[in-house]
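Now for the letters of each chain:
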Amino acid sequence: MIKLTTRTLLFSSALAAFSLSGCALTDAEAEQALEIADGPSNLNTPQPDWDTPFWERWSQAQPADNNGGEPRAVSFNRRDQPLANVALVMEGPVEAALPETLTAEAADRGLLILPKGLVQDAIAHTAECNDLASQACRSALALYPGARLLVQARAEDGGRVAVRVWDTALDKELTERVANNDQGAARLLDSLASQAATADWSARPFQGEGNALYIAAGRVNGLAEGTVLEVREPGRPVRTPTGQVVAWRAGEVVGKAKVAEWVGATLSRIEPVSGAAPGPDHRLSLAP
């Protein structure tokens with residue numbers, strides 16, 4: 001069960017305040033919402049470097065004058081697991097209340113609705129995502145922007161929204177229809193949280209510029225700098241006698257890594273600590 005703190009409530013309130021456009025938050029707004037929760041004196045955020053690789057366009061590096069000192073902002077720590085990333089793709093006239101509610105209340109259920117621009121940028125740079133439902137697209141988005149759940153919400157007649165959910169960890173698809181309003185969003189959040197709970201939080205590493213290793217999770221997820229991660233072999237799904245995927249068994253631990261630094265709101269650079277170096281086929285999970 002997610003335990004709320006005063007800071008969590010401030011963060012959720014700030015998210016709600018920034019969600020008036022009816023779309024998922026931009027990364028800058030997510031950053032600013034977090035800084036409001038940290039304190040009223042830290043409202044300015046640095047501009048991103050648009051010459052960097054696209055996975056870093058939505059990230060904000062430490063100030064140059066930090067000199068390896070204390071992090072620019074306090075980690076949004078949680079007591080259990082980091083927030084699981086949800087990539088939301090909306091089609092048609094989805095009512096503003098639905099994405100507003102999803103964004104504002106996701107943290108209460110252990111989820112983070114990724115910024116709309118970040119998701120669109122990742123899809124635009126992934127050739128396999130010409131077909132959002134393809135396994136190749138889901139696998140790519142699981143690496144970056146680290147989507148545990150990929151959600152496609154399509155407005156229909158009659159005030160309904162047809163929802164398709166792909167769980168990238170379990171390689172499982174779910175479908176649902178909800179009301180095109182805040183009540184529908186609340187119902188959808190319950191379903192997403194239930195699905196995310198079938199497997200513990202994990203992230204897949206990828207190699208960026210200069211051979212540095214990254215994972216698509218950071219301070220907004222609640223992943224603190226210095227966190228030790230287990231490097232695991234690919235796991236396997238747990239299936240019922242009818243073939244339904246209901247859970248995930250983690251693979252063998254083959255090494256350890258740590259979160260070296262936040263590169264942005266939802267991106268961290270990692271470093272090997274011992275054993276096998278992390279690779280794209282591995283999954284990184286919290287060390288006990």
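See above for the structure.
Predicted model only: the values in this text are computed from it and were never measured.

Would you explain the layout of surface pockets in this entry?
The gaps of empty space that remain are located by a probe, the size of a water molecule, rolled over the atoms. Here the largest pocket defines a volume of roughly 440 Å³. Lining the largest pocket we find 30 residues, and of these Pro-82, Ala-84, Arg-148, Asp-200 and Trp-201 sit closest to its centre. Looking at the lining of the largest pocket residue by residue, the classes come out as 17 nonpolar, 6 polar and 7 charged.

When you look at the environment of Glu-128 in this model, what are you seeing that I'm missing?
Among the secondary structure elements, Glu-128 is positioned in the loop between helix 5 (116–124) and helix 6 (135–143). With a relative accessible area of 42%, Glu-128 lands in the partly exposed category. Between the C-alpha atom of Glu-128 and that of Arg-138, which follows or precedes it by 10 residues, the distance is 8.7 Å. With residues near it in sequence (within four places) discarded, Glu-128 still touches Ser-134, Ala-136 and Cys-137.

Looking at this model, I keep getting lost on the sheet that holds strand 3 (residues 149–156). Mind explaining?
The pairing of strands in a sheet comes from backbone hydrogen bonds and takes either a parallel or an antiparallel form. With respect to topology, 5 strands assemble into an open sheet ordered 2-1-3-4-5, the strand pairing being mixed. One side of each edge strand has no neighbouring strand; the edge strands of this open sheet are strand 2 (111–113) and strand 5 (172–179). For this sheet, the mean angle separating the axes of adjacent strands, direction not counted, is 25°. As paired elements, strand 1 (residues 84–91) and strand 2 share 3 bridges and run parallel to each other. Bridge pairing in strand 2 places Ala-84 opposite Leu-111. In the packing of helix 7 (residues 182–196) onto the sheet, contacts are made with strand 1, strand 2, strand 3, strand 4 (160–167) and strand 5, and the angle to strand 5 comes to roughly 160°.

Here is what the cut-offs are and how they apply
Residues numbered from 1 in each chain as written. Predicted model: local features only at pLDDT ≥ 70, side-chain atom pairs only at ≥ 80, totals over all residues. Heavy atoms only, no water. 1 Å grid on protein atoms, 1.4 Å probe; cavity = no way out; pocket = protein on both sides within 12 Å on 5 of 7 lines; lining within 4 Å. Points joined across faces, edges and corners; volume = space filled by probe spheres on them. Nonpolar A, V, L, I, M, F, W, Y, C, P; charged D, E, K, R; others polar. Helix = DSSP H or I, 4+ residues; strand = E, 2+ residues; numbered from the N terminus. Buried < 20%, exposed > 50% of the residue type's maximum accessible area, 1.4 Å probe, protein only. Contact = heavy atoms within 4.5 Å. Pairing = 2+ DSSP bridges. Axes fitted to C-alpha atoms, helices over the stretch in contact; angles between N-to-C directions.

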